[in-house]
Amino acid sequence: SQKIEQNSEALNIQEGKTATLTCNYTNYSPAYLQWYRQDPGRGPVFLLLIRENEKEKRKERLKVTFDTTLKQSLFHITASQPADSATYLCALVPNSGNTPLVFGKGTRLSVIA
Amino acid sequence: DTAVSQTPKYLVTQMGNDKSIKCEQNLGHDTMYWYKQDSKKFLKIMFSYNNKELIINETVPNRFSPKSPDKAHLNLHINSLELGDSAVYFCASSQRTSGRGEQFFGPGTRLTVL
């Protein structure tokens, strides 16, 4: 069956360290993968999109990698801050065509001062 | 200016009632979506409209009926509400169909069915 898994439900990290969140998928061949941030009581906010032919994408302190062999995306936040505390969702486009985004359940990140 | 807005923010109602949630986007996007986020925080697509036309209809009971009067609005009407309909409903929009572009989400409507 098809699955998208963010294998840590919660992650605690010390301020200043690099947070690494994992997104694994099974039985998908995604053309695109996206990462969103969701704060409590709010809608998800888009962070980064990476295509299947891209290995890495960066935006300020954020970095995303996409390994289609391992069927995995890693999301890194360097020099993490308490304000980075939120739930981070990965989402993939299963294939080409008018297919909707499929979301993982998210990882709740807490950055401790 | 709010990009994607939804009303109401909270909706508490009795089983069996009919209710509507409204969504508007001022981004000029062609595609709008409804998502449901359940108590386990799992976010799942319900419907997608492109230029007022339904393009995605996931397995959703036909008690749920989306309506798009114009491409800036996508409303969700729910008939005969059930306990299991309790969730947070998010409206979203994007310039491109499917997942090729970023999606902009509204603040959500928390529906509680008693």
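Being a predicted model, the structure only gives us computed values, none of them experimental.

**Here we look at the overall build of chain A**
And step 1. Across its full length, chain A holds zero helices and eleven strands.
And step 2. Reading chain A from its N end, one meets helices and strands in the order β-β-β-β-β-β-β-β-β-β-β.
And step 3. Computed over C-alpha atoms, the radius of gyration of chain A comes to 14 Å, within 12% of the 13 Å expected from 2.2 N^0.38 for 113 residues, which places it in the range of a compact globule.
And step 4. Expressed as lengths along the three principal axes of its C-alpha atoms, the size of chain A is roughly 45 × 30 × 20 Å.
And step 5. Expressed as a percentage of the 113 residues in chain A, the buried residues total 46%.
And step 6. Relative to all contacts within chain A whose residues are 6 or more apart in sequence, the contacts with residues 24 or more apart total 54%.
And step 7. Surface summary for chain A: the accessible area is close to 5,600 Å², and the carbon and sulfur share equals 45%.
And step 8. Distance between charge centroids for chain A: 1 Å, based on 14 positive and 10 negative side chains.

**Some points on the nonpolar core**
And step 1. If you look at the biggest cluster of nonpolar residues, it comprises 23 residues, and the most contacted ones within it are L33, W35, F75, I77, Y88 and L109 of chain A.
And step 2. Elements supplying a minimum of two residues to this core: β3 (19-26), β4 (32-38), β5 (45-51), β7 (62-67), β8 (72-77), β9 (86-93) and β11 (107-112) of chain A.

**Considering the pairing of β8 of chain A**
Residue and element names in this part refer to chain A.
And step 1. Inspection of the sheet shows β3 paired to β8 by six bridges, in the antiparallel sense. Bridge assignment links C23 to a residue of β8, and that residue is S73.
And step 2. Note that β7 and β8 share six bridges and pair antiparallel. Bridge pairing links V64 to F75 in β8.

**A short note on the interface of chain B and chain A**
And step 1. Counting from both sides, the interface comprises 20 residues of chain B and, opposite them, 21 residues of chain A.
And step 2. Across the chain B to chain A interface the summed buried area is about 1,700 Å²; carbon plus sulfur atoms make up 57%.
And step 3. Our enumeration of links across chain B and chain A arrives at zero salt bridges.
And step 4. Taken together, the links from chain B to chain A amount to four residue pairs in polar contact (both at pLDDT 80 or more).

**Some words on unusual backbone geometry**
Only a minority of non-glycine residues have a phi that is not negative, and only a minority of peptide bonds are not trans.
And step 1. In this chain, T7 of chain B is followed by P8 of chain B through a cis amide linkage whose omega measures -5°.
And step 2. Within the fold, P8 of chain B resides in the loop between β1 (4-7) and β2 (10-13).

**Observations concerning the packing of aromatic side chains**
And step 1. Applying the stated criterion across every chain, the model contains twelve aromatic pairs over all chains.
And step 2. Aromatic side chains Y25 of chain A and F66 of chain A sit 6.3 Å apart centroid to centroid with 70° between the ring planes, which places their arrangement in the edge-to-face category. Taken together, the positions of Y25 of chain A in strand β3 and F66 of chain A in strand β7 put the pair 41 residues apart, joining distant regions of the chain.
And step 3. For Y25 of chain A, a relative accessible area of 4% translates into the label buried.
And step 4. Centre to centre, the rings of F64 of chain B and Y89 of chain B are 6.3 Å apart; their planes meet at 35°, and the pair counts as tilted. With F64 of chain B in strand β7 (residues 64-70) and Y89 of chain B in strand β9 (residues 87-94), this pair connects stretches of sequence that are 25 residues apart.
And step 5. Residue class for F64 of chain B comes out buried when judged on its relative accessible area of 6%.
And step 6. On the accessibility criterion, Y89 of chain B (0% relative accessible area) is buried.
And step 7. Grouping aromatic residues by their ring pairs yields a cluster made of Y36, F46 and F103 of chain A together with Y33, Y35, F90 and F105 of chain B.

**Details of the pairing of β5 of chain A**
Residues and elements named next belong to chain A.
And step 1. For β5, the buried fraction is high: five of the seven residues fall into the buried class.
And step 2. As paired strands, β4 and β5 are joined by six bridges and run antiparallel to one another. Note on β5: the bridge partner recorded for R37 is V45.

Calculation criteria
Residues numbered from 1 in each chain as written. Chains lettered and ligands numbered in written order. Predicted model: local features only at pLDDT ≥ 70, side-chain atom pairs only at ≥ 80, totals over all residues. Heavy atoms only, no water. Helix = DSSP H or I, 4+ residues; strand = E, 2+ residues; numbered from the N terminus. Rg over C-alpha atoms; globule rule 2.2 N^0.38 Å. Buried < 20%, exposed > 50% of the residue type's maximum accessible area, 1.4 Å probe, protein only. Contact = heavy atoms within 4.5 Å. Areas by Shrake-Rupley, 256 points an atom, 1.4 Å probe, with all protein chains shown as cover. Lys, Arg positive; Asp, Glu negative; His and termini not counted. Charge placed at Lys NZ, Arg CZ, Asp CG, Glu CD. Core = buried A, V, L, I, M, F, W, Y, C linked by side-chain atoms within 4.5 Å. Pairing = 2+ DSSP bridges. Buried area = accessible area lost by both parts, 1.4 Å probe. Salt bridge = Lys/Arg side-chain N within 4 Å of Asp/Glu carboxyl O. Polar contact = N/O pair within 3.5 Å; in protein donor to acceptor, adjacent residues only side chain to side chain. Phe/Tyr/Trp six-rings, centres within 6.5 Å; stacked < 30°, edge-to-face > 60°.

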